[in-house]
Amino acid sequence: MRVRFAPSPTGRMHLGSGRTALYNYLLARKTGGQFILRIEDTDQKRYVPTAEQELIDGMHWLGLQWDEGPDVGGPYGPYRQSERKDIYLHYARQLVESGHAYYCFCTPERLEKVRQEQQARKEQPHYDGTCRNIDPDEAARRVARGERHVIRFKTPREGVTVVRDLLRGEITVENRLIDDYVIVKSDGLALYHLAAMVDDHLMKITHVFRGAEWLPTFPLHALIIRAFGWQEPEFIHLSVFLKPSGKGKMSKREAADLMKDGYSIFVTDFKDLGYLPEAVVNWIALMGWSYDDHTEFFTMPDLIEKFSLEGLNPSPAAINFTKLDHFNGLHIRHLALPDFAQRVKPFLISAGYTVEDEKLLRIAPLIQPRLTTLDDVVAMAGFFFKDEIVPDPAALVPKGLTPAEAAQVARRSLEVLESLSDVSPAVAEPPMRALVEELGLSAGQVFGILRVAVTGQTVSPPLFESMEIIGRDTCLKRVRRAIELLEAMA
RNA sequence: GCCCCCAUCGUCUAGCGGCCCAGGACGUGGCCCUCUCAAGGCCAAAACGAGGAUUCGAAUUCCUCUGGGGGCACCA
């Protein structure tokens, strides 16, 4: 099985592209076939120089490696369409010679005028066929003379074309509704309709996964392949991703709003947002594909083993970011501790902390079950790396106590802690619980004061585990400071 | 406007004629656990778009409608 991911470098890498690439990759790996990356850059006007690199970065981040492509080469290159211009021209001329295509000399201005007239008459805009019946020899002479021209595919005027999509079965379209599409522009470069069909044939592609936006032109593509007499690959059209509301595709404006909530639709954004590639892969794999009625957690090896065409679903899916959060938490907890520590480290460093691996490794088990995204580590565990913490005095006073009472609790706690050799859970928790008992308060009240005193936060990893890492001396110093703050309030 | 595709809980989905007064997951609500927050465990509410037809029997097949999506470029 030979499959390909063929993006056009015209913008950022969308989640939908990521999924298409993923499915291609999975199928190739599952069957021991080849996964090809082909860059479809036939439109210079829309070309974005940074796009190809972003695509490559995004695929690498997701963990998708290709066997043939513009950077790694391969036996069917070049893998960038802009470098294949002559190949397409050769095949386009072959179509002209066989009567399946023709030269068209209509100017863009005339075509625009025709289009407007058709729209005014409420007709479907289409090429009016002016050049369709020019004598081939005459047309060839005009081309030889250097007259500006394009090449159009000569769609049959009658009959129907039946195509087959693996997910949807047979699709029948009347030929008269298929336009005489331009397949080679006046600059001599082929359009997608020709280029992709030629490449898929030459690159021996067996299965084409592509977006459902190609469904309307699918019959044209089949007609082109058939005009050459080539064997057709299997086609699988993946439905588009809808915005979370389920109403329509994501707009630029909405994509920007999403970023404010810590989400994105661009795969290269997820890394900095604190998402694991494992989670993003798991998430997008399940938008349009399922394995059975209960399994949802998949690693890449699982997916390679379990993925199959039968599990694909043809209906459009709304993007659900809370589900991504869920998968991210799952995959975070699935990570081995040292791996987890290394993944979280860059977020602490970019928050300005100096991070020693040994210390981070001790903190890791405390925070691993508590993170939804990796960047949460800063809010949850940043205090471990601060020399000074500044507790909010108001937060020091637990519910149900006055500042003076809280100060008294803090003083008694300090006495207990000072009497101990260390502040580890095994040593410190039993006597502290005894103190809670003695004072007739709740553990939440007493430990709450200590938590804020020692961590500066009302939410933190478990108290005694945290204190052990912070160290006895620092903890005692911080409790004394908290007592001062409380006394100042009383 | 025309063409194409799609249609099960709010969302992602299982279901491929009887196993379904429809299963799982996210989210939501409740309970348990609990030093905060999570994690974990348990429970609950929540769907076959409508109408016809075929059939002993339909979420599953077929029509029509409705709704949603996509496309109608010398873009991909």
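Quick caveat, the model's predicted, so the values are computed rather than measured.

A. Structural detail: the overall build of chain A. Looking only at helices and strands, one finds 20 helices and eleven strands in chain A. With the C-alpha coordinates of chain A rotated into their principal frame, the extents come out at 105 × 50 × 40 Å. Counting all 490 residues of chain A, 49% fall into the buried class. For chain A, restricting intrachain contacts to residue pairs at least 6 apart in sequence, the fraction spanning at least 24 positions comes to 74%. Distance between charge centroids for chain A: 5 Å, based on 59 positive and 67 negative side chains.

B. Spotlight on the packing of aromatic side chains. Using the criterion set out here, one finds 18 aromatic pairs in the structure. Centroid distance Y263 to F321: 4.7 Å. Interplanar angle 25 degrees. Geometry classified as stacked. Taken together, the positions of Y263 in the loop between α8 (252-260) and α9 (277-285) and F321 in helix α11 (residues 321-334) put the pair 58 residues apart, joining distant regions of the chain. Among the residues examined, Y263 registers a relative accessible area of 16% and is labelled buried. Centre to centre, the rings of F447 and F464 are 5.1 Å apart; their planes meet at 90 degrees, and the pair counts as edge-to-face. Separated by 17 residues along the polypeptide, F447 in helix α18 (residues 443-455) and F464 in helix α19 (residues 463-470) bring together distant segments of the chain. Under the relative-accessibility criterion, F447 is labelled buried at 9%. An aromatic cluster of three or more residues is present, and its members are Y23, F209, W289, Y291, F298 and F307. For the cation-ring pair, R142 lies above F105, with the distance from its terminal atom to the ring centre recorded as 4.0 Å.

C. Spotlight on the protein's contact with RNA strand B. In the neighbourhood of RNA strand B, 65 residues make up the surrounding shell, with T42, E296, R370, R433 and R451 lying closest. Among the atoms of RNA strand B lying within 4 Å of the protein, the sugar-phosphate backbone contributes 70%. Within the side chain of T322, an N or O atom sits 3.4 Å from a sugar or linking oxygen of RNA strand B. Put simply, the parts of the chain that give the surface near RNA strand B at least two residues each are α4 (108-120), β4 (150-153), β6 (169-174), α6 (192-202), β11 (317-318), α11, α18 and α19. Of the residues in the surface near RNA strand B, the class split is 28 nonpolar, 17 polar and 20 charged.

D. Region of interest: the sheet that holds strand β7 (residues 182-184). Across the sheet, three strands lie side by side as β3-β4-β7; this open sheet has antiparallel pairing. The sheet is open, and its two borders are formed by β3 (101-104) and β7, each paired with just one other strand. In this sheet, adjacent strand axes meet at a mean angle of 45 degrees when their direction is disregarded. Relative to β4, β3 runs antiparallel, the two being bridged by four bridges. Bridging across to β4, A101 finds its partner in F153.

E. Region of the structure containing the pairing of strand β9 (residues 234-238). With four of five residues buried, β9 is to be regarded as a mostly interior element. Two elements, strand β8 (residues 207-211) and β9, share five bridges in a ladder whose sense is parallel. Looking across to β9, one finds that F209 is bridged to I236.

F. Up close: α4. The end-to-end C-alpha separation of α4 is 18 Å, in line with the 18 Å expected for 13 residues at 1.5 Å each. Residues of α4 that are buried: L111, V114 and Q118. Along the axis of α4, the buried residues cluster in a sector spanning 60 degrees; they form a single face. The exposed residues of α4 that point more than 90 degrees off its buried face are E109, K113 and A120. Positive phi shows up at K122, right after α4, with a value of about 60 degrees.

Basis of the calculations
- Residues numbered from 1 in each chain as written.
- Chains lettered and ligands numbered in written order.
- Predicted model: local features only at pLDDT ≥ 70, side-chain atom pairs only at ≥ 80, totals over all residues.
- Heavy atoms only, no water.
- Helix = DSSP H or I, 4+ residues; strand = E, 2+ residues; numbered from the N terminus.
- Buried < 20%, exposed > 50% of the residue type's maximum accessible area, 1.4 Å probe, protein only.
- Contact = heavy atoms within 4.5 Å.
- Lys, Arg positive; Asp, Glu negative; His and termini not counted.
- Charge placed at Lys NZ, Arg CZ, Asp CG, Glu CD.
- Phe/Tyr/Trp six-rings, centres within 6.5 Å; stacked < 30°, edge-to-face > 60°.
- Lys NZ or Arg CZ within 6 Å of the ring centre and 35° of its normal.
- Near = heavy atom within 4 Å.
- Polar contact = N/O pair within 3.5 Å; in protein donor to acceptor, adjacent residues only side chain to side chain.
- Nonpolar A, V, L, I, M, F, W, Y, C, P; charged D, E, K, R; others polar.
- Pairing = 2+ DSSP bridges.
- Axes fitted to C-alpha atoms, helices over the stretch in contact; angles between N-to-C directions.
- Expected span 1.5 Å × (residues − 1).
- Arc of directions from axis to C-beta.

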